Amino acid sequence: MKKSSGILLTALGAALPLGTACAVRAAAIKKTLSGEPPAIRWTPADEAACAERLSKMVQIPTVSKKQEEDYPEFRRFQALLKELFPKTFAAAEDHEVDGNILLRIPGTDPQRGALLLMGHQDVVPADQEGWTDDPFSGIIRDGKVWGRGAMDCKSTLCCVFSAVEALLEEGFTFKEDLWIFSARNEENSGGGSDAAADWLKEQGVRLNVVIDEGGAVIGGVIPGLPAPCAAVGLVEKGFVNLKFTAKGSGGHASTPPKNSPIARLSKFVTEVEKRKLFSKELAAPLPQMFAAVAPYLSYPLRFVLGNLWLFGGLTKNALGLFSDMATAFVSTTAAFTMASGSSAPNVLPDSAEMICNIRPAVHQTAAECIAILEKTAKKYDIETEVLFSRDPSKTTPTDTDEFRYLTQCISACLPDTVPTPYLMTGGTDSRRFEVVCDNIFRFTPTRLTPEQLAAMHAANENIDIAAVAEGVEFFKYYLKGYNKKV
Ligand SMILES: [Zn+2]
């Protein structure tokens, strides 16, 4: 952090003639935090009910499985949802797609379009060491619900269903169609969301907005930012798996030749790890993200990020000094994840292989990234095979009523947070709905600590009960106000 700031300051000195203009601009950028108390308050009673519902949801082990013909745990889970949220299911048409929940609550004015809220039912396995409790106990302790799926993603599902149920109990009527989608196979890319999105397209449904998991309300992730970030994911990087194979003549390890398959692979990996192969760009939504947080930062970061028109080049190159996450924001990443050679310690491999997982940056296509790596691999006489390839998603625009409304809701319900456009380095199901929607927001309105975030897909996953209750109120507020938005 100190080293990075020093580099930035040096560059600032070089730009002195423009300094006054930049200082004026940096001083003029405005904070958006309202500082007002939330428009809606939640009660301890709501919190207890939320905790109870989420605990019951966690207790059913809806673990993702490949090639599953029958899915009794998911059927049990869906029966539980019907029991917990009877008004929602009574009001909705059931359009289930192969065990994936797809509900439509008809609006009174379908001309106004439709909304889709989503969150997946399945969870990753809980076989990691270090669990304090049974991962599917759903135990409520220390103001938190514990267990696999407590955060990812049953809390989202609990917030969405609880909000809709509460609104129906109040006698609220939806003007727009409200769709709720919940995949049973998100974690293993099982295709439920593809099927649902394709079906909606076939039916001629266009969605005004999709809100899925992704960003959340997290403090301490942006160095120097004193308030939690309400991170709204607007785009997802691409995803590519490549297999690199280096061939040799094998033989006994006592007389090794030069440039063995593993040696060539090592040289190749070393070149890739230098991080010079892929270009860096401050592609959208990074400028919007910096514009959102700059007013809360102290100098010199505020000065630099508030003047990207001048310091954009410097920023994109200096960002990598801050963290690996910052590097992942501005460029394609390549991670070597699996390797194999011969089957014995004293046998030279006649072929060695490595698998590399690439996340194409939003300014590059998967094909461009593959071509760069293939060309580099060829220098070391290494063959490239494409195992899987997906381009980055579309970028959701921010100059729209939908984005403005979402940020207004964040400011109203989570007034101490900074609504922040965000670039997702991971993936969600929501990108599949690009065929029927232009405004896809990856945002769960629940507060997480960095420790809770680290427990995702790991041991001792948990979420604060207060955060779930807050998430319920957010969705209530969002849905209620959406009626009047346009
Ligand atoms: Zn998830």
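Structure: above.
Procedures and definitions
Position labels on residues start from 1 in each chain and follow its written sequence. Under the rules for a predicted model, residues below a pLDDT of 70 receive no local features and side-chain atom pairs below 80 are neither given nor counted, while totals for whole chains, interfaces and linings still include all residues. To qualify as a helix, a DSSP run of H or I must reach at least 4 residues; to qualify as a strand, a run of E must reach at least 2; elements of each kind are numbered from the N terminus. We call a residue exposed when 12 or fewer other C-beta atoms sit within 10 Å of its C-beta, buried when the count reaches 20 or more, and partly exposed for counts in between; the C-beta positions come from the backbone. Residues are defined as contacting one another if the C-beta atoms placed from their backbone atoms lie within 7 Å. Pairing between strands is defined by DSSP: at least two bridges between them are needed. The axes used here are C-alpha line fits, helices contributing only the stretch in contact, and every angle between their N-to-C directions lies in the interval 0 to 180 degrees.

1. Re the overall build of the protein
Next, step 1: Looking only at helices and strands, the protein has 16 helices and 17 strands in total.
Next, step 2: Looking at the protein residue by residue over its 486 residues, the buried ones come to 44%.
Next, step 3: Considering only contacts within the protein whose residues lie at least 6 apart along the sequence, 82% involve residues at least 24 apart.

2. Here we look at the sheet that holds strand β4 (residues 140-141)
Backbone hydrogen bonds hold the strands of a sheet together, and the pairing may be parallel or antiparallel.
Next, step 1: Taking strand neighbours across the sheet as the criterion, the three strands line up as β4-β5-β17 in an open arrangement whose pairing is antiparallel. The strands lining the two open edges of the sheet, one partner per strand, are β4 and β17 (462-464).
Next, step 2: Here three bridges tie strand β5 (residues 144-146) to β17, and the two strands are oriented antiparallel to one another. Directly across from Trp146, in β17, lies its bridge partner Asn462.

3. Topic: the environment of Val272
Next, step 1: Along the polypeptide, Val272 turns up in helix α8 (residues 261-273).
Next, step 2: A residue is classified by how many C-beta atoms lie within 10 Å of it, and Val272, with 22 of them, is buried.
Next, step 3: Spatially, the C-alpha atom of Val272 lies 8.4 Å from that of Thr376, the residues being 104 residues apart in sequence.
Next, step 4: Setting aside its immediate chain neighbours within four residues, Val272 contacts Leu277, Ala334 and Thr376.

4. A look at the sheet that holds strand β11 (residues 333-340)
Next, step 1: The strand order across the open sheet formed by four strands is β11-β13-β9-β14, and the pairing between neighbours is antiparallel. A strand with exactly one partner marks an edge of an open sheet, and here the two such strands are β11 and β14 (382-390). When strand polarity is set aside, the average angle formed by the axes of neighbouring strands in this sheet is 20°.
Next, step 2: Across eight bridges, the pairing between strand β9 (residues 239-247) and β14 is antiparallel. Each bridged residue has a counterpart across the sheet, and for Phe244 the counterpart in β14 is Thr384.
Next, step 3: On the sheet, α8 packs against β9, β11, β13 (351-359) and β14 and is oriented at approximately 145° with respect to β9.
Next, step 4: Running at roughly 165° to β14, helix α13 (residues 366-379) makes contact with β9, β11, β13 and β14 of the sheet.

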